[in-house]
Amino acid sequence: MSVDVVIVGSYVQDQAWFVEHFPRPGETTRAHRYNTGAGGKGFNQAVACARQGVATAFVGAIGNDAFGAAAQKFARDVNLPTRWLIRNDQPTATSSITVNAQAENQIAMIFGANEHLDAAFVRAQDDLFSGAKILLLQLENNLDALAAALDIGERRGMTRVLNPAPVHPGLDATRLQRADIITPNETEFSLLLQRIAHTDIDPATLARRSDADLHALARKLGVATVVVTLGAHGCFVSHGASRRGDALASYRLPPEKVRAIDTTGAGDAFSGALVAAMIRFAGKPFRDAVVHANRAAAMSTEIVGTAPAMPTFEAVIKRFGA
């Protein structure tokens, strides 16, 4: 099997309840809709990447249970090559997602098998990495498994992209800086600044800060390229010494206009589409890939669900043009 992108990450069976407002402590709120489907940051990003027409493979862990069987079926249905570690001692991860009328979400999750992705299993997939150009990771798995993937990625000269979500308590500067590109949202960016740079920033203020200020903050993390997703405020890019073909060391892109009904998984759509666009637009400025990812992420909010909501390359181009 020959692929361009390898994604090592998590699978989660999402369960979502749609309400007018988030319940207050002790309140029972009537939901007007329920949805369950394939999810997990790693799996969402793999589906997002594959739907951009880029050869993608996913490595992850599931339980030997009904949700694990559903994961395998969904991957087959969307023709996504996978390498599953099936755990008999751990359940497939599952989440409880509440979405309000403003398309905001609150999420609780059992990580299950994801936290038991064996590093030896990852190393045994070395053949999958052969010829691949980009490795994409997240933080819903145990860090030793992700370190094993990074070891392979470094040895094979792959571009290593980390979506640092959710920020793991064991993540330090050394681990973070093994990535060439990181894609935090505003909350994750603030947490990384606090942990890595000992800088306290209110995430709610980030979108209002100047580009120069955001660039200076991003440079504190010691990662070559930082892409901060800002939700309804678009995204911000900060480069170090290498600008990846961009004219500017930092810049901001505005949000795309869409009719959002469910923002869950939009960040995953962004990361998956970003690495796909880096393959599809190879030789072009990095900004082109970011623009495409921004559009794909926006479109994903118009469909309920996470993995099933990831748009195709053709759909993005038809909507926004090349």
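Residues numbered from 1 in each chain as written. Predicted model: local features only at pLDDT ≥ 70, side-chain atom pairs only at ≥ 80, totals over all residues. Heavy atoms only, no water.

A. Structural context of the pairing of strand E4 (residues 56-63). Within E4, eight of the eight residues are buried, leaving the element largely enclosed by the surrounding structure. The side-chain alternation of E4 yields two buried faces, one formed by Thr56, Phe58, Gly60 and Ile62 and the other by Ala57, Val59, Ala61 and Gly63. Pairing analysis gives four bridges linking strand E1 (residues 5-8) to E4, with the strands arranged parallel. Bridge assignment links Val5 to a residue of E4, and that residue is Thr56. With six bridges joining them, E4 and strand E5 (residues 82-87) adopt parallel strand pairing. When the sheet's bridge partners are listed, Val59 is paired in E5 with Arg83. Remark: the E4/helix H2 (residues 66-77)/E5 crossover connection has right-handed handedness. (Buried < 20%, exposed > 50% of the residue type's maximum accessible area, 1.4 Å probe, protein only. Helix = DSSP H or I, 4+ residues; strand = E, 2+ residues; numbered from the N terminus. Pairing = 2+ DSSP bridges. Right-handed = clockwise from strand over helix to strand, strands pointing away.)

B. Expanded view of the packing of aromatic side chains. The final tally for this structure, using the stated rule, is eight aromatic pairs. Above the ring of Phe313, the side-chain terminus of Arg280 is found at 3.6 Å from the ring centroid. (Phe/Tyr/Trp six-rings, centres within 6.5 Å; stacked < 30°, edge-to-face > 60°. Lys NZ or Arg CZ within 6 Å of the ring centre and 35° of its normal.)

C. View of the packing of helix H9 (residues 266-280) against helix H10 (residues 286-300). In contact at an axis separation of 7 Å, H9 and H10 are set at 145° when each is read in the N-to-C sense. For H9 against H10, the interelement crossing comes out right-handed. Side by side, H9 and H10 meet where Ala266, Ala269, Phe270, Ala273, Leu274, Ala277 and Met278 of the first sit next to Phe286, Ala289, Val290, His292, Ala293, Asn294, Ala296, Ala297 and Ser300 of the second. When the residues that make up the contact of H9 with H10 are grouped by side-chain class, the tally is 13 nonpolar, three polar and no charged. (Axes fitted to C-alpha atoms, helices over the stretch in contact; angles between N-to-C directions. Left-handed = near helix turned anticlockwise from the far one by under 90°. Contact = heavy atoms within 4.5 Å. Nonpolar A, V, L, I, M, F, W, Y, C, P; charged D, E, K, R; others polar.)

D. Seen up close, the pattern of salt bridges. By the definition in use, this model includes 16 salt bridges. Where Asp4 meets Lys133, a salt bridge forms, and the shortest distance between an N and an O atom there is 3.0 Å. Linking Asp4 in the segment before E1 with Lys133 in the loop between helix H4 (126-129) and strand E8 (134-137), this pair joins segments that are 129 residues apart in sequence. Between Arg178 and Glu154 there is a salt bridge, with the nearest N and O atoms lying 2.9 Å from each other. (Salt bridge = Lys/Arg side-chain N within 4 Å of Asp/Glu carboxyl O.)

E. Main features of the sheet that holds E1. With mixed pairing, nine strands are arranged side by side in an open sheet as E5-E4-E1-E8-E9-E10-E11-E12-E13. Bordering the open sheet on either side are E5 and strand E13 (250-253), each of which pairs with just one other strand. The sheet contact formed by strand E11 (residues 225-229) and strand E12 (residues 235-239) spans five bridges and is antiparallel. Residue pairing for E12: Thr225 is matched across the bridge by His239. Along the sheet, H9 contacts E1, E8, strand E9 (159-162), strand E10 (181-182), E11 and E12; its crossing angle with E8, the most-contacted strand, is approximately 175°. Lying over the sheet, H10 contacts E10, E11, E12 and E13, oriented at roughly 25° with respect to E13.

F. Region of interest: the sheet that holds strand E7 (residues 105-110). Strand order in the open sheet made by the four strands is E3-E2-E6-E7, with mixed pairing throughout. The open sheet terminates on both sides in strands that have one partner only, identified here as strand E3 (33-39) and E7. Pairs of neighbouring strands in the sheet enclose a mean axial angle of 20°, with direction left out of account. Two strands pair when backbone bridges link them, and strand E2 (residues 12-18) and E3 are joined in this way by seven bridges, in the antiparallel orientation. Bridging from a neighbouring strand, Gln13 pairs with Ala38 of E3.

G. Representation of the pairing of E12 within the structure. Of all five residues that make up E12, five are buried, and the element is covered over most of its length. Side-chain alternation along E12 places Cys235, Val237 and His239 on one buried face and Phe236 and Ser238 on a second face that is also buried. Turn length for the E11-E12 hairpin, with the two strands adjacent in sequence and antiparallel, is five residues, and the turn residue Gly231 shows positive phi of about 60°. Direction of pairing for E12 relative to E13: antiparallel, over a ladder of four bridges. Among the inter-strand pairings, Ser238 is bridged to a residue of E13, identified as Ser250.

H. Highlighting unusual backbone geometry. Between Ala165 and Pro166 the backbone carries a cis peptide bond, its omega angle lying at -15°. Following the sequence through the fold, Pro166 ends up in the loop between E9 and helix H6 (173-176). Here Asn79, not a glycine, exhibits a phi torsion of approximately 55°, which is positive. One can find Asn79 in the loop between H2 and E5. Accessibility expressed as a relative area gives 68% for Asn79, which makes it exposed. For Ala103, which is not glycine, the phi torsion reads 70° and is therefore positive. Along the chain, Ala103 falls in the loop between strand E6 (93-99) and E7. Relative accessible area serves as the criterion here: at 4%, Ala103 is assigned to the buried category.

What is shown is where atoms sit, not what they do.
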